[in-house]
Structure formats: structure tokens, C-alpha cells
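# Descriptive structure summary
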Amino acid sequence: GIKKSKMMGWVGRFLSTSGESEHHASRSTMQSALKDEQISIKHMPKLSLDQVFDVQGWGHPGKIRSSGFDNVYKNSGRLTAAWYQQRREQGCYMSFFGSQKSPSMGCFSCDGTLVETIHSFCDIKNVHEDALFYVGDGSWGTVVLAPKLLDSGAKHFVRENCIAQPSAEVVHSWLRKNGTADYWKIVREHVTTRRIFFYWLDRTQHLMEAGGVRQQTDLAEFHAEFVGKVERL
């Protein structure tokens, strides 16, 4: 017969994958589920709404050659000025999310909730120090500019010596460098939390010393819970 441990392992894996399937559905199922509701989802580094553009011209492997920088285009049409104004007022940002190999591009609220999927499938073609180029949903050439170029006003963009079909590691590195995340804020929050932890540790650790109030209470509860039962056995 099948060993109990092996059977339990199978059951555990089944339950685990069943639970995961509710949160990690296929791309088509995800799109259907996201259509009428907002959910929180893990994403890559944040991008400003002003960094992402629809462009004409895809270039070729190793070279970005694009022009006509405009509002992002998606399957349902071009995002309007009113859309951008509303999202800015809400503090939204854009970010890749989902599969590292073929991520999606989404618009997120300030609390990390996915508000809208812009492109379900992003084929990242080229990465350069100044820009990242991808094709959204097989049709929409899209450029993500480095922040240093946002005030350039250029409508014709050429960059050679790009990394073609970049790995997930290269993409993440570029996004971390050029995203809008406030890393100093993250450090400050960590330091503040650490300071609070050690403050209360210093204020309360004497309670667990030998003869301390909490030490005596824990010892009494331990005896009441375990010692008497062990002795009866």
C-alpha cells in the first residue's frame, strides 16, 4: 500500500497548489478576474506615469529607434489626458508585475493595489542605460525612459549598443536604478522600527530575569499546564 507519509505529502501538495491556483491563475483567467475589481499584487519597482510612452518604431535587436512619444496605447485605445489627470490625483504609478520572463504592465494605486492592467504581455526587446523598450500585447511599441531624460522633450530617440532580449536580472537592475522608489525612506523606516524594538526590549527585559514578574508568571503557568499532567502519566 501507499505509505501514510507519502499520501499526506500528496494531499499537502494538492491543497497547496489548489490554494495557489486561486491567487496565481493563468494570464487569461487573471485578466477576467481583474476586469471588474481591484486587487493587491506583487510588482516590480515603481515607475512614474511620466516615464512610460507609446512610440512609433521598434528598432531592432541591440538598437532602440523610436519617435512620436505619446500617451500609452493599449488594446482598448490610447489613454486620454483625463485618464492621466485622474490617476495623478489618485497618486497612481505604473509597474511591471507577474511573470519575470513575460511580465504585464499595470497601473497601481498608492497603496499597491492594481487598478488597471495596461498590457497583459510585455515582450522586453532592448535595454539601454537611458531607456527600456518593450512591445505590449504583440502590437504596442512602448518606451520607458530613465528619469534624467524626462525633461528633454525629444520626439525622436535612438540608442545603440542596447542589451537585446535582456534577462530578468538585467531588467530588475534597470528598474531599481530608474524607478521611483524612495529607498532612503525604506532605510529610515527600518531604522525607526529597529530603534523602537530595542527601546521596548530595554524597558521590559528585566521582567524575564530570574525572579522577575514575567519569569515567575511563566514558570507558574508552565507547571500548571505541563508538570501536573506529566506526573499523572
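Residues numbered from 1 in each chain as written. Predicted model: local features only at pLDDT ≥ 70, side-chain atom pairs only at ≥ 80, totals over all residues. Heavy atoms only, no water.

Glancing now at the pairing of strand β11 (residues 140–145). Summarising burial for β11: 5 of the 6 residues are buried, a large majority. Sheet topology places strand β2 (residues 52–56) next to β11; 3 bridges connect them, and they run antiparallel. Bridging across to β11, phenylalanine 53 finds its partner in valine 143. Sheet topology places strand β10 (residues 131–136) next to β11; 6 bridges connect them, and they run antiparallel. The partner of leucine 132 across the bridge, within β11, is valine 144. In this structure, the hairpin formed by β10 and β11 is closed by a connection of 3 residues, where aspartate 137 is found at a positive phi of approximately 55°. (Buried < 20%, exposed > 50% of the residue type's maximum accessible area, 1.4 Å probe, protein only. Helix = DSSP H or I, 4+ residues; strand = E, 2+ residues; numbered from the N terminus. Pairing = 2+ DSSP bridges.)

A separate point is the packing of aromatic side chains. Under the criterion given, the structure shown has 7 aromatic pairs. A ring pair is formed by tyrosine 73 and tryptophan 140, whose centres lie 4.6 Å apart and whose planes are at 35°; its orientation type is tilted. Separated by 67 residues along the polypeptide, tyrosine 73 in strand β4 (residues 73–74) and tryptophan 140 in strand β11 bring together distant segments of the chain. Of the residues examined, tyrosine 73 reaches a relative accessible area of 25% and is grouped as partly exposed. Consider the rings of tryptophan 83 and tyrosine 84, whose centres lie 5.0 Å apart with planes at 80°: the pair is edge-to-face. Aromatic ring contacts, followed pair by pair, group Phe53, Phe69 and Phe157 into a single cluster. Residue placement shows lysine 46 over the ring face of tyrosine 93; its charged tip is 4.9 Å from the ring centre. (Phe/Tyr/Trp six-rings, centres within 6.5 Å; stacked < 30°, edge-to-face > 60°. Lys NZ or Arg CZ within 6 Å of the ring centre and 35° of its normal.)

Another aspect to go through is the nonpolar core. Counting 25 residues, the largest nonpolar core has Leu47, Met94, Phe96, Met105, Leu132 and Tyr134 as its most contacted members. Core analysis: the second largest hydrophobic core is formed by 11 residues, Phe69, Ala131, Phe133 and Leu149 among them. (Core = buried A, V, L, I, M, F, W, Y, C linked by side-chain atoms within 4.5 Å.)

Turning our attention to the pairing of β10. For β10, a buried count of 6 out of 6 residues is recorded, marking the element as mostly surrounded by other parts of the structure. Every second residue of β10 is oriented toward a common face, with Ala131, Phe133 and Val135 on one face and Leu132, Tyr134 and Gly136 on the other, all of them buried. Relative to β10, strand β9 (residues 122–128) is paired through 6 bridges, and the arrangement is antiparallel. By the bridge assignment for β10, histidine 128 is matched with alanine 131. Remark: 2 residues form the turn of the hairpin made by β9 and β10, two consecutive strands paired antiparallel.

Moving on, we come to the confidence of the model for the chain. Confidence in the prediction for the chain averages 79 pLDDT; 74% of positions are at 70 or higher. Here residues 1–12 is modelled with pLDDT under 50, and outside its nearest four sequence neighbours on either side it reaches 2 contacts, counting other chains as well. (pLDDT = per-residue confidence, 0-100. Contact = heavy atoms within 4.5 Å.)

Before going further, it helps to spend a moment on the sheet that holds β2. Whether parallel or antiparallel, the strands of a sheet pair through hydrogen bonds between backbone atoms. The sheet built from 7 strands is open, its strands ordered β12-β3-β2-β11-β10-β9-β13 with antiparallel pairing. At either margin of the open sheet sits one strand with a lone partner, and together these are β12 (156–159) and β13 (163–164). Pairing between β2 and strand β3 (residues 64–70): 2 bridges, direction antiparallel. Its bridge partner being in β3, aspartate 54 is matched across the sheet by aspartate 70. Helix-sheet contacts for helix α4 (residues 168–178) involve β9, β10, β11 and β13, and the interaxial angle to β9 is about 65°. (Axes fitted to C-alpha atoms, helices over the stretch in contact; angles between N-to-C directions.)

Despite not being glycine, asparagine 161 shows a phi value in the positive range, around 55°. Examined against the element boundaries, asparagine 161 turns out to sit in the loop between β12 and β13. Residue class for asparagine 161 comes out exposed when judged on its relative accessible area of 75%. Positive phi values are uncommon outside glycine, yet glutamine 165 reaches one of about 45°.

Turning next to the environment of aspartate 54. Looking at the secondary structure, you find aspartate 54 in strand β2. Residues aspartate 54 and leucine 79, 25 residues apart in the sequence, show an inter-C-alpha distance of 9.8 Å. If we skip the residues at most four places from it in the chain, aspartate 54 touches Gly68, Phe69, Asp70, Asn71, Val72, Tyr73, Arg78, Trp140 and Gly141. At 3.1 Å, the side chain of aspartate 54 forms a polar contact with the side chain of arginine 78. (Polar contact = N/O pair within 3.5 Å; in protein donor to acceptor, adjacent residues only side chain to side chain.)

Attention shifts here to helix α3 (residues 81–89). Restricting attention to buried positions, one finds in α3 the residues Trp83, Tyr84 and Arg87. Viewed along the axis of α3, the buried residues span an arc of 95°, placing them on a single side of the element. In α3, the exposed residues that point more than 90 degrees away from the buried face are Ala81, Ala82 and Glu89. Backbone geometry just after α3 places glycine 91 at a positive phi near 75°. (Arc of directions from axis to C-beta.)

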